[in-house]
Amino acid sequence: MLFSYSEEEMKDLILRIYPRMISYIQTIVHGSVAQAEDLLSNTLTKMLEKKPVILSDKVEGYLFRAVRNECLNLVSRKTVERDMVSIDQVVGSAWELLAAVDFDDSVASLADMSESGFAIDEILKVSRTLNPRTRDIFHMSRIEGMSQEEIASELGISVRAVQKHLKYTVDEYRKYYKDSGGKPS
């Protein structure tokens, strides 16, 4: 028998799984009850929007997998956010320098920026080591100010893929500047 998503079936499902689900979510995300309730609510909302065809006796398993995936996505986002450095912690990328020249009247030229401590050649050197897609994603995120969701939508890739590209870029800049003693070599 298929799960029908009737109000009665949903109430019954929630009453059956709520305590276990909240504990399960808290175990994965190390969060509060309120955060666990939000994750559960988001998962249930998505399930109600999509209304996948599920056998009634399999709906709990489906919901646990869906919640687990939501939790892992949250943990992944937290990890990426924690691993990212702010733009102030990394010498500006070549795109930032070019954008400043194009849009900031106080900067007359790239030469002015170079004299003020920006090592354009070093920044370009690191940028050239990145593949074109990674460079584009980093530019869209840091220069154009696009959200990860907007980038994913525009490029037709997953948000997780965008996160991986951004983390890779930050890691490359960190590695380069760490190897050169925190200063461009």
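Predicted model only: the values in this text are computed from it and were never measured.

Regarding the overall build of the protein
Thought 1: Of regular secondary structure, the protein possesses nine helices and zero strands.
Thought 2: Each helix (α) and strand (β) of the protein, taken in turn from the N terminus, gives the series α-α-α-α-α-α-α-α-α.
Thought 3: Of all 185 residues assigned to the protein, the portion counted as buried reaches 37%.
Thought 4: When the accessible surface of the protein is totalled, it reaches about 11100 Å², and 53% of it is carbon and sulfur.

Side note on unusual backbone geometry
Thought 1: Positive phi, normally seen in glycine, also occurs at Tyr5, with a value near 65°.
Thought 2: The topology assignment puts Tyr5 in the segment before α1 (7-29).
Thought 3: Of note, His30 is a non-glycine position whose phi angle comes to about 55°, a positive value.
Thought 4: Relative to the assigned elements, His30 resides in the loop between α1 and α2 (33-50).
Thought 5: You can call His30 exposed: its relative accessible area is 70%.

Here we look at the environment of Ile157
Thought 1: Mapped onto the fold, Ile157 is located in the loop between α8 (148-155) and α9 (159-179).
Thought 2: A residue is classified by how much of its surface remains accessible, and Ile157, at 22% relative accessible area, is partly exposed.
Thought 3: Those residues in contact with Ile157, other than ones at most four positions away along the chain, are Arg133, Ile137, Ala152 and Val162.

Structural notes on the confidence of the model for the protein
Any region with low pLDDT has predicted coordinates that should not be read closely.
Thought 1: Confidence in the prediction for the protein averages 75 pLDDT; 70% of positions are at 70 or higher.
Thought 2: Note on residues 85-118: pLDDT is under 50 here. Beyond four places in sequence and across chains, it has 43 contacts.

Looking at helix α7 (residues 132-142)
Thought 1: Turning to α7, its buried residues number three or more, namely Thr134, Ile137, Phe138, Met140 and Ser141. Seen end-on, α7 carries its buried residues on one side only, within an arc spanning 165°.
Thought 2: The opening residue of α7, the one whose side-chain oxygen lies 3.0 Å from the backbone nitrogen of Arg133, is Asn131.

Side note on α2
Thought 1: With 18 residues, α2 should reach 26 Å at 1.5 Å per residue; the first-to-last C-alpha distance of 26 Å fits that figure.
Thought 2: Within α2, the full set of buried residues consists of Ala36, Leu39, Leu40, Thr43, Leu44 and Met47. Viewed end-on, α2 has its buried residues packed into an arc of 130°, placing them on one side of the element.
Thought 3: Positive backbone phi, at 45°, marks Lys51, one or two positions downstream of α2.

Details of the pattern of salt bridges
Thought 1: The final tally for this structure, using the stated rule, is seven salt bridges.
Thought 2: Its salt-bridge partner being Lys167, residue Asp171 comes within 3.0 Å of it at the nearest N-O pair. Here Lys167 and Asp171 lie together in helix α9, a separation of four residues that amounts to about one turn.
Thought 3: Residue classification places Lys167 among the partly exposed positions, given a relative accessible area of 28%.
Thought 4: For Glu172, the salt bridge identified is with Lys175, shortest N-O distance 3.6 Å. Highlighted residues: Glu172 and Lys175, both in helix α9, separated by three residues, approximately one helical turn.
Thought 5: On the basis of relative accessible area, Lys175 is assigned to the partly exposed category, the value being 44%.
Thought 6: What emerges from the salt-bridge pattern is a single network uniting Asp12, Arg16, Arg20 and Glu60.

What counts and how
Residues numbered from 1 in each chain as written. Predicted model: local features only at pLDDT ≥ 70, side-chain atom pairs only at ≥ 80, totals over all residues. Heavy atoms only, no water. Helix = DSSP H or I, 4+ residues; strand = E, 2+ residues; numbered from the N terminus. Buried < 20%, exposed > 50% of the residue type's maximum accessible area, 1.4 Å probe, protein only. Areas by Shrake-Rupley, 256 points an atom, 1.4 Å probe, with all protein chains shown as cover. Contact = heavy atoms within 4.5 Å. pLDDT = per-residue confidence, 0-100. Arc of directions from axis to C-beta. Polar contact = N/O pair within 3.5 Å; in protein donor to acceptor, adjacent residues only side chain to side chain. Expected span 1.5 Å × (residues − 1). Salt bridge = Lys/Arg side-chain N within 4 Å of Asp/Glu carboxyl O.

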